[in-house]
Amino acid sequence: MKIAKFLAAALLGLSMAGAAHADEKKWTKINIATEGAFRPWNYTNADGSLGGFEVDLYKDLCARMKVECTMTAQPFDSLIPALNAGKFDAIIAGMSATPKREQVISFSVPYGTTGQTFATLKDSDLAKMPDKGEVFSLATNEAGAAAEVEKLKPLLKGKVIGVQTASIAETWLNKYLKDTVEIREYKTTEEHDLDLLAGRIDLTIASMAYLSTAAAKPGNEDMVVVGPRFQGGMLGRGSSVGMRKGDTELKAMFDKAIGEAQADGTIKKLSAKYFGFDVTPR
Amino acid sequence: MDFAFLYETLLTILPGVPLTLKLAVGSALLGLVLALILALMRLSGVKPLEWVARLYVFVLRGTPLLVQIFLIYYGLGQFPAVRHSLLWPFLREPVWCAVLALTLNTAAYGSEIIRGGLLSIPGGQIEAARACGMSRFLLFRRIVLPLAIRQALPAYGNEFISMVKATSLASIITLMEITGLAAKLISETYRAIEVFIVAGAIYLAINFVLTRIILFAEYRLTPHLRERPGGVPSIDDRLDPAAAAAEGLPGGKVH
Amino acid sequence: MNRPGFIELMGFGEHGWGATMLHAALITLAVAICGFLVGAVIGVFAAWAKVQGGPVLRRIADAYTTVLRGIPDLLVIYLFYFGGSSVLSTLGHLFGQSGFIGIPGFLAGALAVGVASGAHHTEVFRGAYAAVPKGEIEAAMAIGMSRPLRFRRIIAPLTLRTAIPALGNVWQLVLKESALVSVTGVVELLRQAQIGSGSTRQPFDFFLAAGILYLVISTISGWIMSRAERHYSRGMRRA
């Protein structure tokens with residue numbers, strides 16, 4: 001009988017997974033999760049320490065909120081389950097606030113936006129993809145963005161595109177280009193870069209910020225950023241702090257701190273240091 | 001429990017079954033051939049061949065399969081020489097990398113099983129065949145191999161099952177077989193337990209069928225251990241299994 | 001571009017990853033040891049259930065070994081990692097605890113490896129118990145030893161002694177299985193190699209180094225196991 005009870009409890013757990021059980025508590029210590037493999041947002045140094053835009057940013061934000069913070073690295077696709085399972089209190093991992101993700105967790109206001117774009121090899125026929133750097137917003141000009149995709153389709157037909165599993169780029173690809181290209185999913189963006197350089201795939205899609213830094217890294221001389229940039233709508237409002245639903249007090253704290261960091265130019269300063277262009281959300 | 005979701009999960013994961021089977025069957029068969037070659041090298045009596053086979057088994061059994069997969073998939077791609085070689089059209093495809101890694105891995109384990117099978121052949125059988133004037137090749141084909149297969153089959157059956165389980169690692173190099181689809185679904189729905197139940201049930205079903213096939217093959221290969229029609233016991237049946245084992249007869253255990 | 005060579009890359013210089021990789025190897029060892037111990041505890045109980053348990057316990061133990069031998073360990077790890085915390089949290093609620101009970105990746109990994117290897121442990125212990133000569137047990141009963149005493153003085157030592165070689169094999173299996181824990185983000189040897197190859201674009205060097213370290217660990221531990229086997233089989237007749 002005890003076993004039956006245990007099983008019942010375990011099964012009950014299924015329906016409860018992901019639900020929020022926040023207690024009203026005073027935040028003095030916040031455990032933050034990041035990926036540690038998503039340059040320049042966050043990365044792991046040779047000595048195992050974390051570095052990147054978000055590592056500097058979280059320290060700044062935590063100082064503003066007057067709380068003690070720790071940051072640990074986790075695989076990207078486990079971040080949301082781990083957050084909801086209570087392993088962490090916040091995600092700062094270049095994660096965009098998307099409608100789909102907002103069904104399971106809540107987000108702060110964005111602290112950075114860069115849009116999604118493509119990368120290929122220098123000598124590939126895709127290197128001459130049109131409209132490089134042009135921005136198409138799914139939020140304000142969905143028709144324009146869809147027309148742009150139609151324009152790209154003949155060029156992309158039959159190509160193999162690498163993308164990170166459970167990323168917004170993957171959702172976007174599956175909606176707009178599923179029947180045109182072959183999609184290969186990777187656990188990390190660095191793995192699809194390795195495969196792009198090895199010639200296993202023709203193209204990768206990821207955030208502009210990630211790709212432009214990746215292409216600038218030693219060893220990646222053959223990689224070039226190409227094509228238009230897509231953002232907004234299903235691609236999200238921009239990178240935001242992810243929190244459990246119900247931790248409203250924590251969200252208010254982060255919103256306020258991000259607002260301040262944006263207003264006094266801290267975000268602009270940090271993005272110049274890590275990205276080479278301004279990622280401050282507008 | 002949410003049966004609608006379980007059903008949906010089943011429909012999402014089932015398309016991964018053919019790939020899992022292809023990987024398992026392909027690498028099991030190729031691995032069997034390589035395993036036989038390695039076992040013969042080990043027993044050839046030629047020192048260099050013996051060392052190569054020993055080193056191979058030592059390295060492949062001493063490292064995790066996942067490391068071997070990464071080394072073949074990402075590691076080899078690092079070298080321009082490999083990328084410009086004739087092998088690249090194969091190594092370029094994740095499927096072939098997975099088959100290659102699984103084959104190399106299972107061959108190491110398989111060769112030890114086959115070696116055990118070959119060593120278990122009673123000297124008397126070989127002497128008898130020689131006395132009949134069989135050539136080396138004929139002796140190998142008619143006497144040694146069938147006896148070794150019969151002896152090695154139960155252990156090799158377990159190796160086949162491990163192989164089916166090992167195909168799950170192919171999901172790490174972008175292949176969407178059962179585990180790949182399951183992992184994707186978990187990261188989309190965050191409902192690990194339901195997805196696990198469905199994916200686990202599919203693997204159990206595959207391995208159940210596989211076990212039956214192996215048992216059937218074992219049954220067919222050991223007619224001398226079965227009861228004779230009419231209840232006349234065969235010679236081997238009258239032997240005490242322990243005594244049979246002590247004498248080195250292949251049929252030590254009675255099924 | 002000028003790539004650093006293998007020795008330089010894995011060295012202990014300013015840009016060397018040697019120390020990081022060695023540290024990761026220690027984590028691998030820790031995951032494997034914890035997993036092995038968890039598996040051994042499960043194995044003892046499940047073997048006991050199979051040998052001495054009632055019909056219900058025996059059926060549960062049988063189901064456990066059958067299921068775990070039929071499904072990939074990678075799936076078990078995903079289950080523990082993604083599913084474990086939510087189950088624990090819910091159980092916590094039943095006992096009046098509020099809030100989350102999280103499992104760190106390390107614990108989830110070690111538990112998953114333990115549960116997966118427990119099936120092997122079970123068969124090892126069951127086989128070893130079956131090999132204990134009945135005469136020894138009867139002799140112990142005859143001189144009036146109580147059940148616990150019999151277990152402690154006679155059955156446990158004899159079972160363990162027979163089990164050591166097979167336990168050595170299970171240990172090697174667990175060591176290799178621990179590499180799968182890398183998918184949960186525990187920075188053990190394989191995950192560290194992945195991180196390194198992502199950052200340096202030299203995957204071959206990193207996975208080669210990881211492979212060598214695994215070989216070193218398995219060789220040394222294999223040697224220790226065979227020493228232990230020799231030590232504990234003193235006085236046993238060689239078959």
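Rules and cut-offs
Here the residue numbering is sequential within each chain, running from 1 through the sequence in written order. Chains and ligands are labelled by the order in which they are written, letters from A for the one and numbers from 1 for the other. In view of the model being predicted, local features appear only for residues whose pLDDT reaches at least 70, and side-chain atom pairs are presented and counted only at 80 or more, with totals across whole chains, interfaces and linings using the full set of residues. The side-chain quantities take in all heavy atoms of the structure and omit both hydrogens and water. Any residue under 20% of the maximum accessible area for its type is buried, any over 50% is exposed, and the rest in between are partly exposed; the area is computed with a 1.4 Å probe on protein chains only. Secondary structure is summarised from DSSP: a helix means a run of H or I of at least four residues, a strand means a run of E of at least two, and numbering begins at the N terminus for each. Paired strands are those between which DSSP finds at least two bridges. Handedness rule for crossovers: strands pointing away from the viewer, path from the first strand over the helix to the second running clockwise, crossover right-handed. Salt bridge, as used here: a side-chain nitrogen of Lys or Arg that lies within 4 Å of a carboxyl oxygen of Asp or Glu. The split into domains, and so the bounds of each, comes from an automatic or database assignment of domains. We define buried area as the total accessible area lost by two parts upon association, computed with a 1.4 Å probe and summed across both. Two N or O atoms count as a polar contact when they lie within 3.5 Å, although within protein this holds only if one can serve as hydrogen donor and the other as acceptor, and sequence-adjacent residues are included solely when both atoms are side-chain atoms.

**Some details on helix 7 (residues 189-198) of chain A**
Move 1: Among the 10 residues that make up helix 7 of chain A, 10 are buried, leaving the element largely enclosed by the rest of the structure.
Move 2: Residue Gly199 of chain A follows helix 7 of chain A closely and has a positive phi angle near 90°.

**Quick word on the sheet that holds strand 6 (residues 90-91) of chain A**
All names here are of chain A.
Move 1: Taken together, 5 strands build an open sheet; the order of strands is 5-1-6-14-7 and the sheet is mixed. At either end of the open sheet lies a strand with only one pairing partner, and these are strand 5 (68-73) and strand 7 (105-112).
Move 2: Here strand 1 (residues 29-34) pairs with strand 5 via 6 bridges, running parallel. Residue pairing across strands places Ala33 opposite Thr72, the latter belonging to strand 5.

**What to know about the environment of Ile7 of chain C**
Residue and element names in this part refer to chain C.
Move 1: Along the chain, Ile7 turns up in helix 1 (residues 6-9).
Move 2: For Ile7, a relative accessible area of 70% corresponds to the exposed category.
Move 3: Between the alpha carbons of Ile7 and Trp17 there is a distance of 10.0 Å; along the sequence they are 10 residues apart.

**Considerations on the pairing of strand 11 (residues 182-186) of chain A**
Residue and element names in this part refer to chain A.
Move 1: With 5 bridges connecting them, strand 10 (residues 160-164) and strand 11 associate as parallel partners. Bridging across to strand 11, Ile161 finds its partner in Ile183.
Move 2: Taken together, strand 10, helix 6 (residues 168-176) and strand 11 form a β-α-β motif whose crossover is right-handed.

**Quick look at the pattern of salt bridges**
All names here are of chain A.
Move 1: Enumeration over the complete set of coordinates arrives at 27 salt bridges over all chains.
Move 2: Here Lys273 ties to Asp56 by a salt bridge, and the two come within 3.0 Å at their closest N and O atoms. Taken together, the residues span a long stretch of sequence, with Lys273 in helix 10 (residues 266-274) and Asp56 in helix 2 (residues 53-65) at a distance of 217 residues.
Move 3: For Lys273, a relative accessible area of 56% puts it in the exposed group.
Move 4: The class for Asp56 is partly exposed, based on a relative accessible area of 22%.

**Structural notes on the domain arrangement of chain A**
Residue and element names in this part refer to chain A.
Move 1: If you check the domain split of chain A, you get domain 1 (29-113 + 237-275) and domain 2 (116-235).
Move 2: Here the C-alpha centre of domain 2 lies 24 Å away from the C-alpha centre of domain 1.
Move 3: For the pair domain 1 and domain 2, the summed buried area comes to about 1300 Å², and 57% of that belongs to carbon and sulfur atoms.
Move 4: Considering only the side of domain 1, the residues that lose the most area to domain 2 are Phe38, Arg39 and Asp77, jointly responsible for 34% of the buried surface there.
Move 5: Inspection of the region where domain 1 meets domain 2 yields 1 salt bridge.
Move 6: Scanning the region where domain 1 abuts domain 2 turns up 3 residue pairs in polar contact (both at pLDDT 80 or more).

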